[in-house]
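Summary of structural features
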Amino acid sequence: MTFSRIHDSRLVRLVDELCQLSGETEWVEFKRNYHSDQRIGEYISALANAACLKYKPKAYFLYGIEDETHEIVGTSFDPYTEKGKGNQDLLPWITAGLIPNPGFEVSIVKHPRGRVVVFEIEPARGRPVSFYGKFYINLNSE
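Below is a short write-up of the structure. (Residues numbered from 1 in each chain as written. Predicted model: local features only at pLDDT ≥ 70, side-chain atom pairs only at ≥ 80, totals over all residues. Heavy atoms only, no water.)

**Considering the overall build of the protein**
Of the regular secondary structure elements, the protein holds three helices and eight strands. Listing every helix and strand of the protein by position from the N terminus yields β-α-β-α-β-α-β-β-β-β-β. Its C-alpha radius of gyration of 14 Å places the protein within 12% of the 14 Å reference for a compact globule of 142 residues. By principal-axis analysis of the C-alpha atoms, the protein measures approximately 40 × 35 × 25 Å. Taking all 142 residues of the protein together, the buried fraction comes to 52%. A sequence separation of at least 24 residues applies to 75% of the contacts in the protein between residues at least 6 apart. Carbon and sulfur atoms provide 51% of the accessible area of the protein, an area that totals close to 7,000 Å². Taken together, the 17 basic and 19 acidic charged side chains of the protein have centroids lying 4 Å from each other. (Helix = DSSP H or I, 4+ residues; strand = E, 2+ residues; numbered from the N terminus. Rg over C-alpha atoms; globule rule 2.2 N^0.38 Å. Buried < 20%, exposed > 50% of the residue type's maximum accessible area, 1.4 Å probe, protein only. Contact = heavy atoms within 4.5 Å. Areas by Shrake-Rupley, 256 points an atom, 1.4 Å probe, with all protein chains shown as cover. Lys, Arg positive; Asp, Glu negative; His and termini not counted. Charge placed at Lys NZ, Arg CZ, Asp CG, Glu CD.)

What follows is the structure, encoded as structure tokens:
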């Protein structure tokens, strides 16, 4: 797990490329704004498992993107200050629940059209990823 506040042009290009997809996929999820600590962990589990099944090198979970239109709308969500269950810091709490932990990087991207939070998630390897004892899979279609 790597947490990053680096704002580089690679991430801006990545956001632009993912927004060009015709729809969400099993390995790419867009959200306008923060939902809940539990849902983030569930999505990471589902996306890691789907990336493995779809032979993708990474899965992506982005906040600040309208999921229907893929328009960049920006987000106020800050994964570095948000809390998980028991008032634990969000990212370590999520990491503790992922078994096996697939590895993920979190970046806050200062995109010209708005602030975007990008989770870059490694695919499951060897066995499916669970989150606090439950396995998840994303059923979106490409």
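**A word on unusual backbone geometry**
The amide bond that connects isoleucine 99 to the next residue, proline 100, takes the cis arrangement and shows omega of -15°. Within the element layout of this structure, proline 100 appears in the loop between β4 (98-99) and β5 (104-111). Positive phi is not limited to glycine here, since tyrosine 55 has a value of about 55°. As for its placement among the helices and strands, tyrosine 55 is situated in the loop between α2 (37-53) and β3 (59-63). Look at tyrosine 55 and you get exposed, because its relative accessible area is 76%.

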